[in-house]
Amino acid sequence: MSKTFDLDATLEAYRGRGREALLPALWDVQGARGSISPADVQQISYILRVPEADIYGVIGFYTLFHEEATGRRIIRVCSDPTCALAGADELLHGVCSRLGISEGETSADGEYTVEHSPCLGLCDYAPAALVSERGEPDKSLPQVTPEALLGDWTDLYFRPAGDADSVMLDASLADAPQSLSQYGDYTALRKAIRGMTPDEVIAQVEASGLIGRGGAAFPTGLKWKFTRAAPGAVKYVVCNADESEPGTFKDRVLMEHRPHLLLEGIALAAYAVGTGKAYIFIRGEYPKATAILVEAIQQAEAQALLGENIMGSDFSLDIEIRRGAGAYICGEETALFEAIEGKRGFPRMKPPYPTTFGLFGLPTAANNVETICAAPLIINRGADWFRSVGAEGSAGPKLVSVSGHVGRPGVYEIAPGMTLRHFLDQVCGGVIGELRAVLMGGAAGTFLLPDEIDVKLTFEDLRAAGSTFGSGAIMVFNQTADLRDLLKRLGRFFQHESCGKCFPCQLGTQRQVEILERLDAPHKDDRERLLDVGMTMTEASLCGLGHTAGIAVMSAIEKFPQLFESNGKHHD
Ligand SMILES: Cc1cc2nc3c(=O)[nH]c(=O)nc-3n(C[C@H](O)[C@H](O)[C@H](O)COP(=O)(O)O)c2cc1C
Ligand code: SF4
């Protein structure tokens, strides 16, 4: 069978679907060929009826798509803070020097291309890499060495850190994802379909006090209520599994270990808002979680727990997985909708909000993986139980991803209300060395100093302390950490990920990184320049990326003013 014939057959499956099939079609072509050639673009354009120029725009937007020929294997080494602490730069240089190439190049034998990558969501296994081999599923590699990266890889299953008494994570899941028989036959969904109206499901979720775990902390019951009430017969549920915030990997752990908890939660959300179609948008860098979810959907459909006429009822649900292609901005819900629609991930102006104008312009409930996973627990155990775990404004168990200088990095389930100090000392193995700073909430977060860690881990306490829970990332740095280097990496991250749609963020992230790059020998007034750029981005940007791109830097200016002083090396 020739490659051209394969392409024809592959694309034929998308005929008639139009633009929304663009990302899946590009993934298929690139998976088989390693890159997407002009002839491929021509054919995709013909089948999907999308102009070639638009297809090139999409390929260029997403970093995991390649127009140029690449090596048979592409090695991407994480370059973000936690992996940097664990020697990621040395790893990248080690691989490149063994191949006799520079970063971004392909080895002479056409075997390897080596690139650095934004956070791969494997901070608990730093330093990490992602390897794409033509014709094979991608593989995430933990704690790698140059030798291991250039050798043969085994596809690993990542063990959860787990807590003994957790309800979202399950410490017993040491060696494999939880199977359907271990999980059970979707008892919460059964309870809902057999005995609750959609409005009653929404009322339970509202009464539970569940607020979104994706960063914006919006009440979930209210979101479902608005979506259900929005006019229109066609609606959607979208599960946001894009998880690209540096330092955040809780959703990966949930998907890899408890796929059926997530699927049951999506089914509950769909039943509640009144739709038969849901999407899981998962970042392209999570091949393992993607494969596990694909298999779990098949298992559930085979048992009539998903698909047509679920449990013999008239409720049907099709869950489709969409793979992202390397763009942090696609975690922003409206950019995510654009990606599913086959476009570049440019955020939309809000309002209108997704609950009335979401995916394909229709009412949509978009929720984070962890938020959705809470729904079956609430329906099974009740809203009162959920409220009894945690604090007044932070109901329910909460997952946090902890990385950096701690004894046991990983994902932990906590009852909000414990102090950060208790969490660090008693739960995740203590700080290694002398604590210098904690970055709360990921790249868009704020720093806490050693004398500030008695703050309670709740949304409201962190907010009152001028900090944030954000996506639940806790990055810990001891006295050996180079905080200037950390800030440079955060600056590069935002510069790379800014989509460029609005000027304050497009230009602000560039100016910010330029100033951060010269932090070791700053120009006069650089501190004021950074504050000016940071405030402008916060106040004037179009979306949350720009609003938060200067937050960590401004927090560092407040908490570590000495980092911005000249050290005697001063340029005017
Ligand atoms: C730049 C940016 C990236 C985001 N990334 C994610 C993400 O990876 N996962 C996520 O659930 N929410 C992310 N969000 C928040 C989403 O826009 C949205 O608020 C969330 O998915 C809603 O779900 P929730 O109510 O369950 O939290 C991001 C927001 C911004 C501005
Ligand atoms: S704030 Fe940044 S990421 Fe958001 S729309 Fe503007 S340029 Fe794009």
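See above for the structure.
From a predicted model like this one, the values you see are computed outputs, not experimental measurements. (Residues numbered from 1 in each chain as written. Chains lettered and ligands numbered in written order. Predicted model: local features only at pLDDT ≥ 70, side-chain atom pairs only at ≥ 80, totals over all residues. Heavy atoms only, no water.)

Trainee: Residues and numbers for the environment of D109, please.
Mentor: With respect to the helices and strands, D109 occurs in the loop between α6 (88–99) and β2 (112–117). Each C-alpha atom of the pair D109 and F477 lies 41 Å from the other, and the pair is 368 residues apart in sequence. Within the structure, D109 has its side chain in polar contact with the side chain of S107 (distance 2.7 Å). Here the side chain of D109 touches E111 through a polar contact of 3.0 Å, landing on its backbone nitrogen. (Helix = DSSP H or I, 4+ residues; strand = E, 2+ residues; numbered from the N terminus. Polar contact = N/O pair within 3.5 Å; in protein donor to acceptor, adjacent residues only side chain to side chain.)

Trainee: Tell me about the nonpolar core, and please be specific about residues and values.
Mentor: Within the largest apolar cluster, 72 residues are counted, with the highest numbers of intra-cluster contacts made by L26, L48, Y62, F65, I329, F447 and L487. Here F65 is in contact with L23, L26, W27, Q30, I36, V58, I59 and A325, once residues within four sequence places are set aside. Among the nonpolar cores identified, the runner-up in size contains 67 residues, and I193, C239, A269 and I378 belong to it. (Core = buried A, V, L, I, M, F, W, Y, C linked by side-chain atoms within 4.5 Å. Buried < 20%, exposed > 50% of the residue type's maximum accessible area, 1.4 Å probe, protein only. Contact = heavy atoms within 4.5 Å.)

Trainee: Account for the pairing of strand β5 (residues 236–241), with residues named and values stated.
Mentor: The buried fraction of β5 amounts to 6 of the 6 residues, a majority that puts the element mostly inside the structure. Neither face of β5 is exposed, since Y236, V238 and N240 on one face and V237, C239 and A241 on the opposite face are all buried. Here β5 runs beside strand β8 (residues 364–368); their pairing, made up of 5 bridges, is parallel. Residue pairing for β8: V237 is matched across the bridge by A365. Judged from the 5 bridges that link them, β5 and strand β6 (residues 277–282) form a sheet pairing that is parallel. Looking across to β6, one finds that N240 is bridged to F281. (Pairing = 2+ DSSP bridges.)

Trainee: Please set out the pattern of salt bridges residue by residue, giving values where relevant.
Mentor: Opposite charge on two side chains permits them to pair, given that their charged atoms come into close proximity. Counted under the stated rule, the structure contains 42 salt bridges. The salt bridge partner of D185 is R190, with a shortest N-O separation of 3.1 Å. Look at D185 and you get partly exposed, because its relative accessible area is 37%. By relative accessible area, R190 is classed as partly exposed at 25%. For E528, the salt bridge identified is with R527, shortest N-O distance 3.1 Å. A residue is classified by how much of its surface remains accessible, and R527, at 33% relative accessible area, is partly exposed. Several salt bridges share partner residues, and in doing so they unite R17, E20, K277, D318, E320 and R322 into one network. (Salt bridge = Lys/Arg side-chain N within 4 Å of Asp/Glu carboxyl O.)

Trainee: Can you explain the site of ligand 1? Please cite residues and give values.
Mentor: For ligand 1, the set of nearby residues contains 19 residues, the closest of which are G214, K223, N367, N368 and T371. Residue N367 places a side-chain N or O atom 2.9 Å away from an oxygen atom belonging to ligand 1. For ligand 1, whose free accessible area comes to 610 Å², the fraction covered by protein is 90%. Spatially, ligand 1 is embedded in the largest pocket. Elements that contribute at least two residues to the shell around ligand 1 include exactly β8 and α23 (544–548). Broken down by element, the shell around ligand 1 gets its largest block of residues, 3 residues, from β8. Of the residues in the shell around ligand 1, the class split is 4 nonpolar, 9 polar and 6 charged. (Near = heavy atom within 4 Å. Areas by Shrake-Rupley, 256 points an atom, 1.4 Å probe, with all protein chains shown as cover. 1 Å grid on protein atoms, 1.4 Å probe; cavity = no way out; pocket = protein on both sides within 12 Å on 5 of 7 lines; lining within 4 Å. Sits in = over half its atoms within 2 Å of the grid points. Nonpolar A, V, L, I, M, F, W, Y, C, P; charged D, E, K, R; others polar.)

Trainee: How would you summarise the site of ligand 2 if you had to cite specific residues and measurements?
Mentor: Surveying the vicinity of ligand 2 reveals 13 residues, the closest of which are C499, G500, C502, C505 and C543. Here ligand 2 occupies the second largest cavity.

Trainee: Can you explain empty space enclosed by the protein? Please cite residues and give values.
Mentor: All chains considered together, the criterion is met by 2 cavities of 30 Å³ or more. By volume, the largest cavity is sized at about 110 Å³. Along its surface, the largest cavity is lined by 19 residues, and S244, E285, G326, A327 and Y328 are the ones closest to its centre. Tallying contributions element by element places helix α20 (residues 483–497) first for the lining of the largest cavity, with 3 residues. Of the residues that constitute the lining of the largest cavity, the class distribution is 9 nonpolar, 6 polar and 4 charged. In terms of lining residues, the second largest cavity is bounded by I329, P347, S498, C499, G500, K501, C502, C505, L542, C543, L545 and G546. When its residues are assigned to classes, the lining of the second largest cavity shows 8 nonpolar, 3 polar and 1 charged. (Points joined across faces, edges and corners; volume = space filled by probe spheres on them.)

Trainee: Give me the sheet that holds β2: which residues, what numbers.
Mentor: Strands sit in the order β2-β1-β3-β4 across an open sheet of 4 strands; the sheet is mixed. Edge strands, defined here as strands with exactly one partner in the open sheet, are β2 and β4 (139–141). Sheet twist, expressed as the mean angle between neighbouring strand axes with direction ignored, is 20°. Bridge count between strand β3 (residues 129–133) and β4: 3 bridges; the pairing is antiparallel. Bridging across to β4, V131 finds its partner in K139. (Axes fitted to C-alpha atoms, helices over the stretch in contact; angles between N-to-C directions.)

Trainee: Before we move on, can you summarise the packing of aromatic side chains with the specific residues and values?
Mentor: In the structure shown here, the tally under the stated rule is 15 aromatic pairs. Residues Y62 and F65 carry aromatic rings whose centres are separated by 6.1 Å and whose planes lie at 75° to one another, so their mutual orientation is edge-to-face. Per residue, the accessibility class of Y62 equals that of F65, and both read buried. Here the aromatic rings of F447 and F560 are separated by 5.8 Å at their centres, their planes lie at 90°, and the arrangement is edge-to-face. Taken together, the positions of F447 in strand β14 (residues 446–448) and F560 in the segment after α24 (551–559) put the pair 113 residues apart, joining distant regions of the chain. Residue classification places F447 among the buried positions, given a relative accessible area of 2%. Using a relative accessible area of 5% as the deciding quantity, one classes F560 as buried. R323 extends its terminal NZ or CZ atom over the ring of W27, reaching a point 3.8 Å from the ring centre. (Phe/Tyr/Trp six-rings, centres within 6.5 Å; stacked < 30°, edge-to-face > 60°. Lys NZ or Arg CZ within 6 Å of the ring centre and 35° of its normal.)

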